[in-house]
Amino acid sequence: MQGFTYHRPTSVADAVVLLQSEGASGIAGGMTLLPVMKHRLATPLALVDLSGIAALGGIEVDGETLTIGAMVRHVAVADSPVVAAAIPALAALAAGIGDPAVRNRGTIGGVLANADPSADYPAAVAGLGATIVTDRREIAAEAMFTGLFATVLAPGELIVAVKFPVPLAAAYAKFRSPASRYAIVGVFVARFAAGVRVAVTGARPSVFRVPEMEAALSARFDPAALAGIAIPPDGLNGDIHAEPAFRAHLVGVMAARAVAAAGSGAA
Amino acid sequence: MGNVTGIGASILRKEDLRFITGRGNYVADIKLPGMTFAVFVRSPHAHAKLLGIDATAALAMEGVVAVLTGADMKADNVGGIPCGWGITGKDGLPMKEPPHPAMAYEKVRHVGDPVALVIAETVDLARLAADSVVVDYESLPAVVGVLEALRPGAPAVFEDIPDNLCCDWEIGDRAATDKAFAGAAHVAKISLVNNRLVGNPMEPRAAIAQYERATDRTTLWSTSQFPHVVKLLMGNFVLGIPQHKLRVVAPDVGGGFGVKQFHYAEEAVVTWAARRLGVPVKWVSERSEGFVSDAQGRDHVSEAELALDETGKFLGLRVRTLANMGGYLSTFGPNIPTNLYGPLLAGVYTTPAIYCEVKVVFTNTVPVDAYRGAGRPEATFLLERLVDVAASDMGMDRVAIRRHNMIQTSAYPYQTPVMMEYDSGDPSGCLDRALALGDWDGFAARRAESAKRGKYRGIGLATYVEACGLAPSRIAGRLGARGGLYESATVRVHATGDVTVLIGTHCHGQGHETTFAQIVSDKLGIPADKIEVVFGDTDKVQFGMGTYGSRSLSVGGSALAKSVDKVILKGRKIAAHLLEAGEPDIVFEDGKFSVAGTDRSLRFDEICLAAYIPHNYPLEVLEPGLEEQSFYDPINFTFPGGAHVAEVEIDPDTGTVDLLSYVAVDDIGTVINPMIVAGQLHGGITQGAGQALCESAVYDDASGQLLSGSFMDYAMPRADIMPNMKILTHSTRCTHNDLGVKGCGEVGTIGSPATVINAVVDALSPLGITHVDMPAAPNRIWRLIQAAGLPKAAE
Ligand SMILES: Cc1cc2nc3c(=O)[nH]c(=O)nc-3n(C[C@H](O)[C@H](O)[C@H](O)COP(=O)(O)OP(=O)(O)OC[C@H]3O[C@@H](n4cnc5c(N)ncnc54)[C@H](O)[C@@H]3O)c2cc1C
């Protein structure tokens, strides 16, 4: 790894200023950034450590909205009684990320900014229709992810928190990679009064929703409603663990499992 | 008797205090004054001409000490990396043995082939400088698979070996086997792949070299399983350093699994660089570097046929295997798929005629060599899969067909048709106990219960025999070994009765400091904490062959037992004089020398003191001091064996295999420390289950890139894929070493791939599926289920 200067601001405003400087990069838990730096694929001149900013922490419910600060670690979401009460599917999702070391360091803001095609949180963000709050604006879930490792975030733009609408029921079903434990396919299903949302991660360059499934499930929230809805393999990701056709198949299986789990009260 | 730290005691491992408190001393921990840091520039191409290397930018950086290349080594007359085995083909001609330059020049032959060494004052600087070295390659078509490499017109890894064939080897009686097949009632067939693996010891490889001008001595610290052999190979064949001027130290080493039992190019390059530059040079492999430079394991493509009579008796076995050697011959490379494979094909069965041909093939991949089990898991996998196929073909029970063909316990010693003479074993005893422990008979109910949940459940078993305790030098020499395979041990008894053992094996996690101490403790009647076991430093320890092939206990332990016996013998002579008795009247028991039938005795420590303070001592007939040495060369291999049973459940929706239970009953001879044996089994079985269920080194056919080149893609087995294993030993003594020991380091890895896959195939058998290649990973299983269509019949 190459040398860099290190800052640990305590306010969002200070962090945003520091992030304007040439070659600066924010660092949350370092779970993605540090390996990338060790491989010399990124060589930031300055690291702005976000862990000293109290405003990026905290988990709160306000009416029908659960807000999670950008620097909240996966382990904190997994263990939070507040999350468990409001959206237990989200706590379960966090508990299934990577391994204990990753969960102890990794953050929700880091995952969303990084936009890994196999990350879990994007499925929850899209599936619940969350809003990403940054230092300068609010971004709707639909607008956030623009492709492989790509988001609408401007250079130096800081995620502050994520606001999740609380659903009637929800569940996340993940088929994980035997190697990395990222999602090969993860499907988040959420039922709201207004209808059902189905979001898929791992299968394409970024998270996507499945309108056919949403329509079928909005009519009848039952795994059987998904029968006959197939995702075409064209354009799906393929790697040594899962070819596109297998991923396409898994989308159906995981969607049905998520519906079953949400319906059975395991929401 | 009554010795709480002797043979058979599950004492805690002496070495663990330093390991679990972070006080181990690994190569990467070592710091020397003036030390510089080296980083290799490695080929990103699988196959390319090396047109030129421009290090101008690197050399211009402040703090960069040197950039050295293969051409510099050539100019210094550095030799190539030698191969330790020279096998002979069917045609009686020696294998093709192309040169293996320590750093490539002219051509690179696999992704990761080193082309330059960058040395700088810090490791970060060395990395940065290495990134700036411009290498001019002319990319050539690459070949990574054995089938493709043998096709006419395939790219030639070496110009002068146009067919990529290193050796066409055979074992067994071809005519007798053909005859057996001619008279067969049924022939069972299988085609299979034994997947390539990356060893991935927890500690990556590392090397530090230092040259001292004052004494003209060179020291190499290396993560090696056999420092003496590195000293001999590197000093004598590569760098021309006289043996008395070279020291090789392998301190604490964090796992080997075979990966560290070869003389690697990096060791020679770093040592050459330190001598050339006059500064200590340190290299520590990165994990991603290890993926493309640590020798890899397995990688066979095989076809086999088993001839049976109408009762299911095995009449003959015919095997054709293509074995991938990678881009160069590693130290033991050509020995593994031949001598450690073909002679194991009899297994525990009485098959009278066996013929096996192995084509050893060069490809543009990382060299392949021994990896835990080395040849024997491949043989066991092939044989035990084929036996299951035969049972299914003939509508026979899998257990019954094995019993019908098993070598009877009374038939030992047993001569197989493929060289080996098994000295002892009880395969049917192991099988009985494994079936009982795995509740084989109660399986139908469990399968029905799984079926209710929509899951396919399967049970599998495999028997195995392995040859370890490498090896009788006499036989090894005949098979092409260029070294001996004895082991050495010195027992240094101090004046106080404390003992230092100097042993030629090397421990990298197996607990030798404890096991060997227990042998001495048992024999001398002193507690294990009065015994220190020293290994891994060629300046301290007499020449030894190191640790691999489950040899440390059976060969090294036997040398140690002999040395202890010599100490006792000398002790009796001393006692006879001091007690004024005849030597035949002296008995040694419970740590005391006494005159038989009297109450006159001397404690062991009193004898030791007398040996070193010879005031009243028979100098005319006995030398002072108490230190004995033995070199032990076994007269045969040892043959651990056993039977394993596994149960799996498959989720047809996702193709996921869940390993539900694992039972291992192993005959490993005398058990010194049951806890350490259980640990070896747990690790070995998990490694085998890893091969069966998730691990695979996957190369891109076109580019020769390693697609599973990091832990993000290479699926190591984790604790959560394993059930609680049931481990039992069911031992018969080895008949040709004094301790009766056989070895336990590899048995888990040898028995488990076949056992797990037999269970997977059993689970899928209602679909008409008869074989599943490894790893039995979800995508593969899902494909097989798709292709099979609906279940043929509910079981
Ligand atoms: C072995 C392993 C397994 C994993 N498995 C999974 C898995 O199963 N599922 C899953 O979802 N993830 C997985 N991850 C990813 C993990 O969840 C991390 O959270 C993720 O890597 C991001 O890491 P981090 O939060 O530490 O952010 P960092 O690595 O510190 O930062 C990542 C990037 O995000 C930027 N960033 C961080 N915070 C903010 C912010 N508030 N605003 C704007 N930009 C920001 C940084 O500048 C950097 O560019 C895994 C990671 C590893 C190493």
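Residues numbered from 1 in each chain as written. Chains lettered and ligands numbered in written order. Predicted model: local features only at pLDDT ≥ 70, side-chain atom pairs only at ≥ 80, totals over all residues. Heavy atoms only, no water.

**What to know about helix α16 (residues 552-578) of chain B**
Three- or four-residue spacings in an α-helix give side chains the same orientation, since the helix completes a turn every 3.6 residues. Residue and element names in this part refer to chain B. As a reminder of what qualifies: Where helices and strands are cited, they refer to DSSP runs of H or I of at least four residues and of E of at least two residues respectively, numbered from the N terminus. Between the first and last residue of a helix there are one fewer steps than residues, each counted as 1.5 Å, and that sum is the expected span. Residue burial is assigned from relative accessible area. The probe radius is 1.4 Å, only protein chains are included, and a residue is buried under 20% of its type maximum, exposed over 50%, and partly exposed in between.
Helix length check: α16 (27 residues) gives 37 Å between terminal C-alpha atoms against 39 Å at 1.5 Å per residue, within 8%. Most of α16 sits inside the fold, with 19 of its 27 residues counted as buried. Looking one or two residues beyond α16, the residue adopting positive phi is Glu580, at roughly 50°.

**Structural notes on the packing of helix α15 (residues 512-524) of chain B against α16 of chain B**
Residues and elements named next belong to chain B. Stated precisely, the cut-off is as follows: Every axis corresponds to a line fitted to the C-alpha atoms, with the helix fit spanning only the stretch in contact, and the corresponding angles, defined between N-to-C directions, vary from 0 to 180 degrees. The handedness criterion is simple: a crossing whose near helix is rotated anticlockwise from the far helix by less than a right angle is left-handed, and one whose near helix is rotated clockwise is right-handed. Whether two residues are in contact is decided by their heavy atoms, any of which lying within 4.5 Å being enough.
Look at α15 against α16: their axes get within 10 Å of each other, and the N-to-C directions meet at 35°. In the packing of α15 onto α16, the handedness of the crossing is right-handed. Of the residues in α16, those in contact with His512, Thr515, Phe516, Ile519, Val520, Lys523 and Leu524 of α15 are Ser552, Leu553, Gly556, Gly557, Leu560, Ala561, Val564, Asp565, Val567 and Ile568.

**Here we look at the sheet that holds strand β23 (residues 592-595) of chain B**
Residues and elements named next belong to chain B. The cut-off we apply is this: What makes two strands pair is DSSP finding at least two bridges between them.
Spatially, the 3 strands line up as an open sheet ordered β22-β23-β24, and their pairing is antiparallel. Bordering the open sheet on either side are β22 (586-589) and β24 (601-603), each of which pairs with just one other strand. Sheet twist, expressed as the mean angle between neighbouring strand axes with direction ignored, is 20°. In this sheet, β23 lies alongside β22 in antiparallel orientation, the contact comprising 4 bridges. In the sheet register, Val587 faces β23, and the bridge partner there is Ser594.

**Concerning the nonpolar core**
Residues and elements named next belong to chain B. The line we're drawing: By nonpolar core we mean a set of buried residues, namely Ala, Val, Leu, Ile, Met, Phe, Trp, Tyr and Cys, connected to one another through side-chain atoms within 4.5 Å. Residue ranges assigned to each domain were obtained from an automatic or database domain assignment.
If you look at the biggest cluster of nonpolar residues, it comprises 165 residues, and the most contacted ones within it are Trp272, Tyr422, Val760, Leu764 and Ile781. Here the element with the most residues in this core is helix α19 (residues 747-764); it accounts for 10 residues. A domain split of this core shows at least three residues from each of domain 2 (31-140 + 202-255 + 260-291) and domain 3 (300-470 + 636-794). Within the second largest apolar cluster, 49 residues are counted, among which are Val491, Val499, Ile531 and Val741.

**Points about the pairing of strand β2 (residues 48-54) of chain B**
A regular strand places its side chains so that they alternate between the two faces of the sheet. Residues and elements named next belong to chain B. Inspection of the sheet shows β2 paired to strand β4 (residues 107-108) by 2 bridges, in the antiparallel sense. Residue pairing for β4: Lys49 is matched across the bridge by Lys107. In this sheet, strand β6 (residues 134-139) lies alongside β2 in antiparallel orientation, the contact comprising 6 bridges. Following the sheet pairing, Ile53 is matched in β6 by Val135.

**Overview of the sheet that holds strand β5 (residues 65-69) of chain A**
Residue and element names in this part refer to chain A. The sheet built from 5 strands is open, its strands ordered β4-β5-β10-β6-β7 with antiparallel pairing. Edge strands, defined here as strands with exactly one partner in the open sheet, are β4 (59-62) and β7 (138-140). In this sheet, adjacent strand axes meet at a mean angle of 20° when their direction is disregarded. Pairing of β4 with β5 involves 4 bridges; the strand directions are antiparallel.

**Some points on the domain arrangement of chain A**
Segmenting chain A into domains produces domain 1 (1-52) and domain 2 (169-264). Computed from C-alpha coordinates alone, the two centres of domain 1 of chain A and domain 2 of chain A are separated by 35 Å.

**Points about the site of the ligand**
All names here are of chain A. Our working rule: By convention in this text, a residue qualifies as near a molecule or strand provided that one of its non-hydrogen atoms is within 4 Å of it. Two N or O atoms count as a polar contact when they lie within 3.5 Å, although within protein this holds only if one can serve as hydrogen donor and the other as acceptor, and sequence-adjacent residues are included solely when both atoms are side-chain atoms. Using a 1.4 Å probe, accessible areas were evaluated by the Shrake-Rupley method; residue-level cover was limited to the displayed protein chains.
The ligand sits among 30 residues. The nearest are Gly26, Ala28, Gly30, Thr32 and Asp120. Within the backbone of Gly29, a nitrogen or oxygen atom sits 2.9 Å from an oxygen atom of the ligand. Gly30 places a main-chain nitrogen or oxygen 2.7 Å from an oxygen atom of the ligand. Burial of the ligand by the protein chains amounts to 89% of its free accessible area of 960 Å².

**Things to note about the interface of chain A and chain B**
Rules: The term salt bridge refers to a side-chain nitrogen of Lys or Arg lying within 4 Å of a carboxyl oxygen of Asp or Glu. Classification convention: Asp, Glu, Lys, Arg as charged; Ala, Val, Leu, Ile, Met, Phe, Trp, Tyr, Cys, Pro as nonpolar; all other residues, Gly among them, as polar.
Each partner contributes to the interface: chain A provides 24 residues, whereas chain B provides 25 residues. The shortest N-O distance in the salt bridge between Asp653 of chain B and Arg257 of chain A comes to 3.5 Å. Linking chain A to chain B there are 10 residue pairs in polar contact (both at pLDDT 80 or more). Of all elements in the fold, only β11 (169-176) and α11 (244-266) of chain A reach the threshold of two or more residues within the side of chain A that touches chain B. Here the element with the most residues in the side of chain A that touches chain B is α11 of chain A; it accounts for 7 residues. When grouped by side-chain class, the residues that make up the side of chain A that touches chain B number 12 nonpolar, 6 polar and 6 charged.

**Some remarks on the side chain of Glu647 of chain B**
If you trace the backbone, Glu647 of chain B turns up in strand β26 (residues 641-651). What Glu647 of chain B contacts, discounting residues up to four positions off in sequence, is Gly438, Phe443, Arg446, Arg457, Gly458, Ile459, Asp658, Leu659, Leu660 and Ser661 of chain B.

**Section: unusual backbone geometry**
Along the chain, Tyr412 of chain B connects to Pro413 of chain B via a cis peptide bond; the corresponding omega equals 0°. Note that Pro413 of chain B resides in the loop between α11 (398-405) and β16 (414-415). In this model, Leu470 of chain B is joined to Ala471 of chain B through a cis peptide bond whose omega is -5°. With respect to the element layout, Ala471 of chain B can be found in the loop between β18 (456-465) and α14 (473-479). Residue Arg40 of chain A is not a glycine yet carries a positive backbone phi of 60°. With respect to the helices, strands and loops of the structure, Arg40 of chain A is situated in the loop between α2 (33-38) and β3 (46-49). With a phi angle near 65°, Arg298 of chain B is a residue other than glycine that sits in the positive phi range. Within the fold, Arg298 of chain B resides in the loop between α9 (287-291) and β13 (300-308).

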